[in-house]
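Descriptive analysis of the structure
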Amino acid sequence: MLLNLHSYYSLRYGTLSIEQLVENLAVNAYDTAVLTDINNTTATFNFVKVCQEKGIHPLAGVEFRNGDRLMYIGIAQNMEGFSALNKCLTNHNKDKKPFPEQAPELEHTFIIYPFGSKRPESLKANEYIGIAIRHLSKIALTSSREQTKYVIWHPVSFNEGDYALHTQLRAIDHNILHSQLKPEQIALSTEQMIPRNLLLQYYRNFPTIIKNTASLLECCSFNVDFSSVKNKKYFSSSRQEDKELLLQRTFEGFENRYDKNNQEAKARISKELEIIDNLNFSSYFLITNDICRFAKSQNMHYIGRGSGANSIVAYCLGITNVDPITLNLYFERFLNPQRKTPPDFDVDFSWKDRDSIYDYIFKKYGSERTALMGAMSTFRSRSIIRELGKIQGLPKFEIDRLISEPENVLNRHEQSRKILSIYERLANFPNQRTIHSSGVLISELPMSYYCALDYPPKGLATAQMDMYTAEDMGFEKFDILSQRGIGHIDTCKEIILANRGEEVDTNAINCFLEDEKIAYQLKNAQTIGCFYIESPAMRQLLEKLKCDNYLTLIAASSIIRPGVASSGMMKAFIERHLNPEKAIYPHPIFEAHLKETYGVMVYQEDVMKIGHFYGGLDMAEADVLRRMMSGKTRNKEKLDDIKKRFFENCQNNNYPEAISKEIWRQMESFAGYSFNKAHSASFAVESYQSLFLKTYYPLEFMVAVLNNYGGFYNRKLYVNEAKKAGATICLPCVNISEYQSIIKGTAIYLGFDGVLSLDHSSVKKILKERHINGLFTHLEDFIRRTRLGLATVIILIRCGAFRFTGQDKKTLLWEAHLLIYNQTNCQKDLLFQHQTKAIVLPNLEQNDIDDAYDEIELLGFLVSCSPFDLAKSDYNGNANAKNLSSLVGQTVRVVADYVCHKSVWTKQGKKMKFGTFLDSNGDFIDTIHFPPQLYQYPLYGEGLYLIQGKVVLDFGVPSIEVEKCARMPMKIN
C-alpha cells in the first residue's frame, strides 16, 4: 500500500538507509512497497535484494521533481517500465530541461499526480491521483465514480524522531540557514511509516481507493535477474566466433612472447582459454584487448595491472607485460569456476590520453550501451560539522574550533549541541552522486534498462549505479585508470626524439631487467621521478634491501604497504633477505613454495599457495579462501566449510595440530592487508621503464616529470634533481620558453605554466605573436605587439623573462610603467607607431636577494641560487648526507632544506613525524621526530632548518633522531 518510499538516496531529503526502510516495512506488516527516490534510481536493485531477503515484494519507481516541486510519481509495471522511467530521467539530465507539467508517455508505467497539483483534465488509463490522509476530508463528498482514479498516497521519508535531521539536510541542500527554510522546501512531519492496519483504518470509508491501490500493485511485477552477466555478450557476432578469435589472437601474441616450442606456456594457454570460455568471458578479454590495440595504434603508452596480470592469455594479448610463468602466478587468482563476482582488468593510461580512450570506447560500443561507473560521495566527519555549522549560522572560526578543539569550553552553546546531536546520524550518509575513479560499463542492453544516467560537466554518460550494485547485477567493469607516471614515460620519449633525434622503445623489459646501470640506480635509490619507487619510504626500503633486481622490487612493492610494515613482517623479510640463513619455515611445504620470500607470506598468492599445497584445497577454493579472509566476500558458512576441509586435510596428512592452527592464524591475519603479486609485478615493470629513462636520459626525463606536473614531490625537488644530473636551469624567457618546460641540449627552460599568477590566455597570446611575427626585440616591441596589461608584464619582468634585453629588472619595470601609461592615455595604436624615444634612467641599484625572493614568490622555488645562499649564517653544520653513515651513534648538527614529512600516530595516540630534507649538496637526509621533540620543536613546512640529533642506522640506512630543530633566519633586503 506504500507507493512513495524515499530512502536516504533521495539526497539531502530522506534519512533512511535501504536496510532501515525494509526493516520498517517488515515490522509494520507491509508485503509490497515501491521505492521512489527523488529523481534517481540509484538504490533500486539494492532495495530489491534486501526486500527479497525479508520476503517482501519490491517494486520500483521514481518521484519526479523540479527543484522542490513534486510533479508526479512514476511506478514501473515491469523491467520495461523501469527502463522507460530511466530514459525519462536520463533525458532530463542530458538536456538540462525541467520535467513537463504533464507526465510524458511512459510505457509499462503508472503515473500518480498528488491531489491538488496540476494535472491533465482527463486522466489516461495508467494515470491516478494520490490521496493523502490529510486529503480525505476534502474528498469525502465526492462520488465513487470520481474516486475510481484515486489511490492511497502516504509518502515515507524518515523515522519518528528524524524530522529534525531531515530539515537540517534540506538546509544543507539549499545552502541556507536552518531558520530560513520555507514550508515548500521541507516535507510534512507526517511522512513517517505507520502500521499497515492503521493506514487501512484511515481509508476504511473509502473502499474504492483501497481497491484501486491494491489493483495497481497487483499489476506490477519487478523480477530482477542477479545471476547473469550483463556485459556486452559478444565482441564479434557469436560466442563461438569470440572463442576462435581469442584463440587466434592469443597464439599470435604467443609467438612474440615465448619460444615456439615452449610446451609449458602452450599448456597454460589451453587451460586458461578453456576456463575463459566455460565462464563466458571471451568477449571481456577481447574488448579489453581491443581497447589496448587502439591505444597501441595511437602510440599511447599503457600498463595492464591488477589480478589480470595472472593470466598468460592477457600477457600474450599484450594487455599486461607480466609473464605469469616466470613469476609462478596462478590464473585462479584472476578467474576461477567458483568465483561469484566478476574480475576486471586495470589498465593505466597517461592522464593526457584517458579522454581519448573514453571517446573511443563510447563511439565503438555505442553511447546508449556505454557509461562511466557511478559512485556515491558521503558526508565525512569534518565536512558534516562544517555543513551543520554553516546552516546554524556559526562563523568560520567557531566551526574551525569545533572541529579542531571539540572539548573547548567555548563550544558549549545551543548551536554546537544541535550540531553534535545530528553529527553521528549523518556519518557516511550519501551526499551526492559522483563518478567512479576508473570504471566503465559496456552493456548488452541499453544502460537505461538498469539505471538512469547522469551527465556531469565532461558530458559522458554516468550510471546511477556504484561498483557494488554493478557487481551484484553481474557487470564486469573495465577499469580505465589515469596515471601521471605513464605520462612521464610517454612525454619523455617525445622529448628525447625532439632533443636528441632518438626513438626510444620502453617495452624491452627483459633488457632493462638485466641492465647493470639500471640495477645500480635501483640499489642506490636514485629513483626520483620514477613511478612508485620515489617516495622517501620506498627509497629507504630499496637501500635497506640492496634491491638490484626485478623479483626483489616486486617484493618491495608489496611489503611497503602499511599492514605488512605494522605487523613486523617487513622487518622480518628484510632480515631474511639480507641473511637468508635466518629464514624460518614452519613446515617443509613453506620452504618448497615460499623460498622466494624466505617463508614470509608477502603476496595474496602466498595465501593461495599455502591453502593449496599445505591445506589440500584446490586452487579455486584457495582463491575463495583468500577473498573471504580479506573481507571481499562475506559468507561465514562458506568460510567455515573451507576451514573445516583445511583442517581435515591437515589431519589426514598427519600434520601437527599446533602448527596447522598457527599457519591458519597467519593466513587469516595476513590476508586482510596482503598485496596481489601480479599487481606488484605490474608496478615493478612500470618502475623499470621509468628508471631506464632516468638512467640514460636523465634531463629529458626530469622535463617530462615537470610537464606532467610531478609525482610524489613538488617542482622544486625535480628541478634540483635535474641540476644534479647536469642540467642548466633557465628561468622562463619570452623568446624561448613554451607553455611547458623545454630542453635544448642540456639547458632546461622552465615553462610559463610554472609561473604563479600568470594566466593561460596571456601565455597563448605571447606564443601566438612570437610564432607569427618572430622574436621580440625589446620590451617596447613586446608591449606593442602583445598589448598585455601592466600586471602581466610586471610578473614577466620579475620572473626574469626579459633577460635577453640585457637590462636589469628595475629599469625594465620603470620602462614598462611609462610605456603602458602612455599607451593607455594617448589612446593610440602602438602597432603603427615608430619606436619612442629611449627612456633615460639613472643607474639603479641591483640586488640578488630581491631576485631570489621574486623567484620564490613567482615560481615557488629558487633557480638562480640555493636556499643556503639566502641564510644569514654561513654555518652548514658538521655533517651531511654523504658522511652520516660514518657518524652512527654520534650527535650531529646539519643545516638542511625541508622537502616533505609524513605524520604517523604512536600506539599511545601521539603524533610523530618522519622528515625528508636536502643538504647543501642536494642529497637527501632523513629525520625522525618523536612526539616529545616534535611538540617542543615542530616542523613548520618550507624553509632551511638547523637540525641537531643522533645518527642511527637501520639496515645500513642512516637517519637522524632529532633532539632539536629550528628554522634558520634568512637574509632580507
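The present account deals with the structure reproduced in this document. Just so we're clear, the structure is a prediction, and the values are computed from it rather than from any experiment.

Definitions and limits used
- Residues numbered from 1 in each chain as written.
- Predicted model: local features only at pLDDT ≥ 70, side-chain atom pairs only at ≥ 80, totals over all residues.
- Heavy atoms only, no water.
- Helix = DSSP H or I, 4+ residues; strand = E, 2+ residues; numbered from the N terminus.
- Buried < 20%, exposed > 50% of the residue type's maximum accessible area, 1.4 Å probe, protein only.
- Areas by Shrake-Rupley, 256 points an atom, 1.4 Å probe, with all protein chains shown as cover.
- Axes fitted to C-alpha atoms, helices over the stretch in contact; angles between N-to-C directions.
- Parallel < 35°, antiparallel > 145°, perpendicular 65-115°, else oblique.
- Left-handed = near helix turned anticlockwise from the far one by under 90°.
- Contact = heavy atoms within 4.5 Å.
- Nonpolar A, V, L, I, M, F, W, Y, C, P; charged D, E, K, R; others polar.
- Pairing = 2+ DSSP bridges.
- Phe/Tyr/Trp six-rings, centres within 6.5 Å; stacked < 30°, edge-to-face > 60°.
- Patch = residues over 30% accessible without salt bridge, like charges linked within 9 Å, V, L, I, M, F, W, Y side chains within 5 Å.
- Salt bridge = Lys/Arg side-chain N within 4 Å of Asp/Glu carboxyl O.

Scanning the protein from terminus to terminus reveals 37 helices and 22 strands. Taking the principal axes of its C-alpha atoms as reference, the protein extends roughly 100 × 95 × 65 Å. Residues counted as buried form 55% of the 973 residues belonging to the protein. Carbon and sulfur atoms make up 50% of the accessible area of the protein, which totals about 43,700 Å².

This brings us to the packing of helix α10 (residues 282-297) against helix α12 (residues 354-365). With their axes 11 Å apart at the nearest point, α10 and α12 run at an angle of 130° to one another. In this view, α10 runs oblique relative to α12, as classed from their interaxial angle. Classified by chirality, the crossing of α12 by α10 is right-handed. Of α12, the residues touching α10 (which contributes Ile287, Asp290, Ile291, Phe294 and Ala295) are Ser356, Ile357, Tyr360, Ile361, Lys364 and Tyr365. Here the residues of the contact of α10 with α12 sort into eight nonpolar, one polar and two charged.

Strand order in the open sheet formed by seven strands is β1-β2-β3-β4-β5-β6-β7, with mixed pairing between adjacent strands. The sheet is open, and its two borders are formed by β1 (2-5) and β7 (150-152), each paired with just one other strand. Going across the sheet, the axis of each strand differs from the next one's by a mean of 35°, ignoring polarity. In terms of strand pairing, strand β5 (residues 109-114) meets strand β6 (residues 127-131) through four bridges, oriented parallel. Each bridged residue has a counterpart across the sheet, and for Ile112 the counterpart in β6 is Tyr128. The strands that helix α2 (residues 44-54) touches are β1, β2 (32-35) and β3 (57-66); relative to β3, the one it contacts most, it runs at about 150°.

The next point concerns helix α25 (residues 604-614). For an α-helix, the turn length of 3.6 residues means that residues three or four places apart are oriented alike. The buried count for α25 comes to nine of eleven residues, which makes it a mostly enclosed element. Those residues of α25 not exposed but buried are Gln604, Glu605, Asp606, Val607, Met608, Lys609, Ile610, Gly611 and Tyr614. Following α25 by one or two positions, Gly616 adopts a phi angle in the positive range, close to 75°.

Taken as a whole, this structure holds 43 aromatic pairs when the rule is applied. For the ring pair Phe712 and Tyr713, a centre distance of 4.9 Å and an interplane angle of 70° mean the geometry is edge-to-face. Between Tyr713 and Tyr718, the aromatic rings sit 6.2 Å apart at their centres with planes inclined by 70°, giving edge-to-face as the arrangement. There is no split in this pair, since Tyr713 and Tyr718 are both buried. A connected cluster of aromatic rings, assembled from ring pairs, spans Tyr614, Phe646, Phe647, Tyr655 and Trp664.

The next thing to look at is a nonpolar patch on the surface. On the surface, Tyr853, Ile856 and Ile972 cluster together to form a nonpolar patch covering roughly 280 Å² of accessible area. The topology assignment puts Tyr853 in helix α36 (residues 848-859).

Turning to the pattern of salt bridges, a few remarks are in order. With the rule as written, the count across this model stands at 43 salt bridges. For Glu700, the salt bridge goes to Arg500, with nearest N and O atoms at 2.9 Å. Of the two residues, Glu700 sits in helix α30 (residues 698-707) while Arg500 sits in helix α17 (residues 484-500), which places them 200 residues apart along the sequence. Residue classification places Glu700 among the buried residues on the basis of a relative accessible area of 1%. The partner of Asp923 in a salt bridge is Lys724, with the nearest N and O atoms 3.1 Å apart. Taken together, the residues Asp923 in the loop between β19 (911-918) and β20 (924-929) and Lys724 in helix α31 (residues 715-724) connect sequence positions 199 residues apart. Residue Lys724 is classed as partly exposed on the basis of its relative accessible area, which comes to 38%. Through salt bridges that share partners, Glu769, Glu780, Asp781, Arg784 and Arg785 make up one connected network.

A few words on α30. The element α30 is extensively covered by neighbouring structure, given that nine of its ten residues are classed as buried. Inspection of α30 places Leu699, Glu700, Phe701, Met702, Val703, Ala704, Val705, Leu706 and Asn707 among the buried residues, and these make up the whole buried set. Those residues of α30 hidden inside the fold are in contact with α17, α29 (677-696), α31, β16 (742-744) and β17 (747-749). At the exit of α30 stands Tyr709, carrying a positive phi of roughly 60°.

A separate point is the sheet that holds strand β15 (residues 728-730). Pairing is mixed across the open sheet formed by three strands, whose spatial order is β15-β17-β16. Strands with a single pairing partner mark the edges of an open sheet, and in this sheet they are β15 and β16. Sheet twist, expressed as the average angle between the axes of neighbouring strands with direction ignored, equals 25°.

Unlike most non-glycine residues, Lys96 shows phi in positive territory, near 60°. Here Lys96 lies in the loop between α3 (79-95) and β5. Take Lys96: its relative accessible area is 59%, and that puts it in the exposed class. Phi angles above zero are rare outside glycine, and Tyr598 is one such case at about 60°. For Tyr598, the location among the structural elements is in the loop between α24 (588-593) and α25. A residue is classified by how much of its surface remains accessible, and Tyr598, at 13% relative accessible area, is buried.

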